[in-house]
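Per-entry structural report
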Amino acid sequence: MKGSASAIIVTLLFCVFPPSVDAVALIVHPDTPITHIDRNVARGIFSMRKREWSDGTPITVYVLTDRNPIHQQFVQGVLAMIPHQLRRSWDRYLYSGIGSPPVQVKDLEEMLLKISATPGAIGYTDEDHKGAKVRKIEVN
Amino acid sequence: MLRCVKLKSINGALLLTLGLFSFEAAEADEEQSIRWHGFLSQGLIATDHNNFFGDSESVSTELTELGIGASWKATPRIHLSAQALYLKAGDSAPDDIKLDFGLIDINLLNGASHGLGVRAGRLKNPYGFYNETRDVMTTRDSILLPESIYPDTLREIYHSSDSIGVHGYKEMGSVLLQFDALSGKALINDDTIEDMSLFSPGTTIENDKLWFARLMAEYDGGRIRAGISRVNLTGDVDPGPPNPLLPFIDGELELDLTLFSVEYNQIRWQVTAEYQLLDARVSDFYFPGFHSENTGESWYIQTRFEFLPQWYLLARYDVYYGNKDDKDGKDRVATGNPPAYAAFAKDSTLGLRYEINEHWIVSTELHHVSGVGWLTALDNADPTSLKKDWNMLLFQVGYHF
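The rules behind the values
Residues numbered from 1 in each chain as written. Chains lettered and ligands numbered in written order. Predicted model: local features only at pLDDT ≥ 70, side-chain atom pairs only at ≥ 80, totals over all residues. Helix = DSSP H or I, 4+ residues; strand = E, 2+ residues; numbered from the N terminus. Buried ≥ 20, exposed ≤ 12 C-beta atoms within 10 Å, placed from the backbone. Contact = placed C-beta atoms within 7 Å. Core = buried A, V, L, I, M, F, W, Y, C linked by C-beta atoms within 7 Å. Pairing = 2+ DSSP bridges. Nonpolar A, V, L, I, M, F, W, Y, C, P; charged D, E, K, R; others polar. pLDDT = per-residue confidence, 0-100.

**Describing the overall build of chain A**
Helix and strand counts for chain A come out as five helices and six strands. Listing the helices and strands of chain A from first to last along the sequence gives α-β-β-α-β-α-α-β-α-β-β. Looking at chain A as a whole, 41% of its 140 residues qualify as buried. Here the analysis covers contacts within chain A between residues at least 6 apart in sequence; of these, 66% occur between residues at least 24 apart.

This is the structure in structure tokens:
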């Protein structure tokens, strides 16, 4: 009985909070001077606090729309943040004039295109990057 | 450029200046070019007794928020931005378009785990969780912010100031500290002074100085947030032309506000609470050597729950005391200033919000209020006719980009 009850609970949990299946990875322009990134640093970049790489190259952040499942997976799984908290800090920048939110792209294709073309760019993808000139970065 | 042309007719030299820059930036990457944003919302307010935002006893539409702004990253470290705002909130906001912010922000330090910058111009005042973006529906969790701490009647003072400021952050593992401070001149209009109800009509406040400071700590990417905000405002109070019936003299006013903020966040729900003390001191004015000091106390606790995707329920209890040593208003009545229930306001709120898509929101809210502490004489010409217990129903639709 105990076993089947916990099986039901686990099943329920999986239904309510589906685990991420595809691995969403953080990607950068290939010339970016990093090989791995600390999670807190990644949070600082996607929260738009951190504006430059260590060599002084300005950081350009690309994201999908808030409700895109890949965006949700990236924010919750990779950054371990709550999506509405990230949105709140972007809104504060935008509507009080103290900064800019990330650049929003319409799909992954545009994401890869922008990141491969923009030195200092950062974003994410959930699939093989099909030879696009971007580099996957480990978040730890 | 079409947008620029439209904007020119709405407002201001600053926006025009930003618009002209866009020629130069047209070919650059989007991070370097002008970025536009805007928001619009319209509300409906109905009350069974007492007026809030216009004549709400017979359904008021006097809640309109319209803003349009632009920002430009001139260099990776220099950022310019401006926003024009039209606000209609009963009679407590002047019915015109004004420059809400217009500023230059210079990033001075960009370390591995810290940053520091300065800004100057017309700046949004950093205060608590909501103040800087209080006119943008999407950034509020409710139609009305807790009136005890974010009073709409004093919106002018709270909004923005002509200031210089510093801001910075420091990361220590999972803890983030953020600091904002500014010092400058408040934006005070005559209605605001009248609404302070301390002074007679015609009174002006001059040589005013203010500073705001806020320290906010975040743990684990914003899961827990806690902060403290401080405000100080001083000014000379001038009673205006001599009046034999109200023979007041020049005096001084000082306001001191302290606000504690705390929030716990989960993916689908959050709990937020804030507690404020407001010290008001008046010297002279009524007669030489006059001195009065009063401390107001306010707090609220609120929870929000996303019960279905994009559907939110909100519950809040919000308490205001104009004088923490006279919570029931007995002293108020004893000194000939009835009614007693103007000494407080206890507002129980239930709200429902649906975020239709990334641009549109609709929301409705029901308030049951005991007390009239934060109602204004600007909407209620005869304060003696105010009822102690009253209800308010609001509806609002908003768009933003």
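Further notes follow.
**Digging into the nonpolar core**
In terms of nonpolar packing, the biggest core is built from 61 residues, with Ile45, Ala186, Val231, Tyr320, Phe344, Ala345 and Met392 of chain B touching the most fellow members. Per element, the largest residue contribution to this core is six residues, and it comes from strand S3 (residues 78-89) of chain B. One finds Ala42, Ile70 and Tyr95 of chain A together with Met137 of chain B within the second-largest nonpolar core, a separate group that totals 39 residues.

**With respect to the pairing of strand S5 (residues 114-124) of chain B**
All names here are of chain B. Here strand S4 (residues 97-110) pairs with S5 via eight bridges, running antiparallel. The residue bridging isoleucine 106 from the neighbouring strand is valine 118, located in S5. Between S4 and the antiparallel strand that follows it, S5, lie three residues. Summarising the sheet, S5 and strand S6 (residues 160-172) pair through eleven bridges and their orientation is antiparallel. What sits directly across from valine 118, in S6, is valine 166.

**Here's the deal with the environment of tyrosine 127 of chain B**
Residue and element names in this part refer to chain B. Within the secondary structure, tyrosine 127 is located in the loop between S5 and helix H3 (155-159). What makes tyrosine 127 buried here is the crowd of 24 C-beta atoms within 10 Å. Considered as a pair, tyrosine 127 and threonine 384 are 257 residues apart in the sequence and their alpha carbons are 33 Å apart. If near-sequence neighbours (up to four positions away) are discounted, tyrosine 127 is found in contact with Tyr158, Phe212, Arg214, Ser229, Val231 and Leu259.

**Points about the interface of chain B and chain A**
Quoted interface sizes are often the accessible area lost when the parts come together. Counting residues at the interface gives 36 residues for chain B, matched by 27 residues for chain A. Elements with a minimum of two residues in the side of chain B that touches chain A: strand S1 (35-47), strand S2 (63-75), S3, S4, S5 and S6 of chain B. For the side of chain B that touches chain A, the element with the highest residue contribution is S4 of chain B, accounting for five residues. Residues of the side of chain B that touches chain A, tallied by class, amount to seven nonpolar, 17 polar and twelve charged.

**Comments concerning the sheet that holds strand S1 (residues 25-28) of chain A**
Taken together, the six strands give an open sheet; going across it, the order is S2-S6-S1-S5-S3-S4 (chain A), and neighbouring strands pair in mixed fashion. Of all strands in the sheet, those bounded by a partner on one side alone are strand S2 (36-37) and strand S4 (103-104) of chain A.

**A look at helix H3 (residues 69-78) of chain A**
Listed as buried for H3 of chain A are Ile70, Gln73, Phe74, Val75 and Val78 of chain A. Once H3 of chain A ends, the next one or two residues include alanine 80 of chain A, with phi positive near 55°.

**A few points about the pairing of strand S3 (residues 60-63) of chain A**
Residue and element names in this part refer to chain A. Burial of S3 is two-sided: the residues Thr60 and Tyr62 facing one way and the residues Val61 and Val63 facing the other way are all buried. Across two bridges, S3 lies against S4 in parallel orientation. The partner of tyrosine 62 across the bridge, within S4, is valine 103.

**What to know about unusual backbone geometry**
Residue and element names in this part refer to chain B. Look at the link from proline 338 to proline 339: it is a cis peptide, with omega at 0°. One non-glycine residue, asparagine 50, lies in positive phi territory at about 65°. Residue placement: asparagine 50 occurs in the loop between S1 and S2. Despite not being glycine, asparagine 207 shows a phi value in the positive range, around 50°. With respect to the helices and strands, asparagine 207 occurs in strand S8 (residues 204-219).

**Focus: helix H2 (residues 39-46) of chain A**
Residue and element names in this part refer to chain A. Burial runs high along H2: six of the eight residues are buried. Among the residues of H2, Asn40, Ala42, Arg43, Gly44, Ile45 and Phe46 are the ones counted as buried. Just beyond H2, the residue with positive phi is methionine 48, at close to 70°.

**Observations regarding the environment of alanine 23 of chain A**
Residue and element names in this part refer to chain A. For alanine 23, the position within the fold is in the loop between helix H1 (2-16) and S1. Residue class for alanine 23 comes out exposed when judged on the 12 C-beta atoms lying within 10 Å of it. Spatially, the C-alpha atoms of alanine 23 and isoleucine 70 are 9.5 Å apart, while their sequence positions differ by 47 residues.

**Some remarks on the confidence of the model for chain B**
All names here are of chain B. Across chain B, the average pLDDT comes to 87, with 88% of residues at 70 or higher. Note on residues 1-28: pLDDT is under 50 here. Beyond four places in sequence and across chains, it has 36 contacts. Scored as a complex, the prediction yields pTM 0.87 and ipTM 0.84.

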